[in-house]
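Residue-level listing of the chains:
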Amino acid sequence: MELTITTKHTSEMIDLTEKVHEAVIKKGIKSGLVTVFVPHTTASIVLFENIDPQLRRDFLEALGRIAPASQPYHHQGENAAAHIKSALCGARVVVPMENAKLQLGKWQGIFLCEFDGPRERTVIVQVVHG
């Protein structure tokens, strides 16, 4: 199943936890492994703390220090930093689901990280029944 997410900023984190959970439940799946994957090279899917939005800002700022957009890169485009951030963060997470509940930690959420927005992003959610 696919989710379409429209991002609004150049760099942002969007909590997808409820959307993923709803998509899986609508399919009638109660147990298994849920894979959330983004087929883009300037966006990522991560597990991250879901309570304090300021921590998301800290995370994006830290990635900006690791791969600053102002740095000269060999890449022909203007978005080399976005590609680097995406490669560092990864394109997917896998979360167990049991009794129709994602088995996330108390403060964990599933986030789409946008590094080259705003854009429309596709997020693929797939479940292996367990």
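Refer to the preceding data block for the structure.
Predicted, not measured: the structure shown is a model, and the values here were computed from it.

**Here we look at the nonpolar core**
A general trend in soluble globular proteins is that nonpolar side chains are found buried together.
At step 1: Formed by 23 residues in total, the largest nonpolar core has its most connected members in V20, V34, I45, I110 and L112.
At step 2: Looking at this core, the elements that each hand over two or more residues are β1 (2-6), α1 (17-26), β3 (32-37), β4 (43-49), β5 (92-98), β7 (108-114) and β8 (120-129).
At step 3: Setting aside residues no more than four positions away along its own chain, V34 makes contact with V20, V24, V93, V94, V95, M97, L102, V125, Q126 and V127.
At step 4: Membership of the second largest hydrophobic core comes to 10 residues, among which are L60, F111, C113 and F115.

**Brief notes about the layout of surface pockets**
The rolling of a water-molecule-sized probe over the atoms marks out the regions of remaining empty space.
At step 1: If you add up the space inside the largest pocket, you get close to 180 Å³.
At step 2: What lines the largest pocket is D15, T17, E18, H21, N50, K101, L102, L104, G105, K106 and Q108.
At step 3: Going through the elements one at a time, α1 and β6 (101-102) are the ones with two or more residues in the lining of the largest pocket.
At step 4: For the lining of the largest pocket, the element with the most residues is α1, which contributes 3 residues.
At step 5: Partitioning the lining of the largest pocket into residue classes produces 2 nonpolar, 5 polar and 4 charged.

**A short note on the environment of E114**
At step 1: Along the chain, E114 falls in strand β7.
At step 2: Not counting residues within four places of it along the chain, the set of residues in contact with E114 comprises T7, H9, T10, S11, E12, T42, R119 and R121.
At step 3: In this structure the side chain of E114 is engaged in a polar contact, spanning 3.0 Å, whose partner is the side chain of T7.
At step 4: Separated by 2.7 Å, the side chains of E114 and R121 make a polar contact.

**Quick look at the sheet that holds strand β2 (residues 12-15)**
At step 1: Across the sheet, which stays open at both edges, the 3 strands sit in the order β2-β7-β4 with antiparallel pairing between neighbours. At either end of the open sheet lies a strand with only one pairing partner, and these are β2 and β4. Each neighbouring strand pair of the sheet contributes to a mean axis angle of 35°, computed without reference to strand direction.
At step 2: Alignment of β2 against β7, held across 4 bridges, turns out to be antiparallel. Bridging from a neighbouring strand, I14 pairs with L112 of β7.
At step 3: Relative to β4, helix α2 (residues 53-66) is tilted by about 135°, and along the sheet it contacts β2, β4 and β7.

**Overview of the pairing of β3**
At step 1: Where β3 and β5 come together, 6 bridges link them in antiparallel fashion. Pairing of V34 across the sheet is with V95, part of β5.
At step 2: Examined bridge by bridge, β3 and β8 share 6 bridges and lie antiparallel to one another. Considered in β8, the bridge of L33 is made with V128.

Conventions we followed
- Residues numbered from 1 in each chain as written.
- Predicted model: local features only at pLDDT ≥ 70, side-chain atom pairs only at ≥ 80, totals over all residues.
- Heavy atoms only, no water.
- Core = buried A, V, L, I, M, F, W, Y, C linked by side-chain atoms within 4.5 Å.
- Buried < 20%, exposed > 50% of the residue type's maximum accessible area, 1.4 Å probe, protein only.
- Helix = DSSP H or I, 4+ residues; strand = E, 2+ residues; numbered from the N terminus.
- Contact = heavy atoms within 4.5 Å.
- 1 Å grid on protein atoms, 1.4 Å probe; cavity = no way out; pocket = protein on both sides within 12 Å on 5 of 7 lines; lining within 4 Å.
- Points joined across faces, edges and corners; volume = space filled by probe spheres on them.
- Nonpolar A, V, L, I, M, F, W, Y, C, P; charged D, E, K, R; others polar.
- Polar contact = N/O pair within 3.5 Å; in protein donor to acceptor, adjacent residues only side chain to side chain.
- Pairing = 2+ DSSP bridges.
- Axes fitted to C-alpha atoms, helices over the stretch in contact; angles between N-to-C directions.

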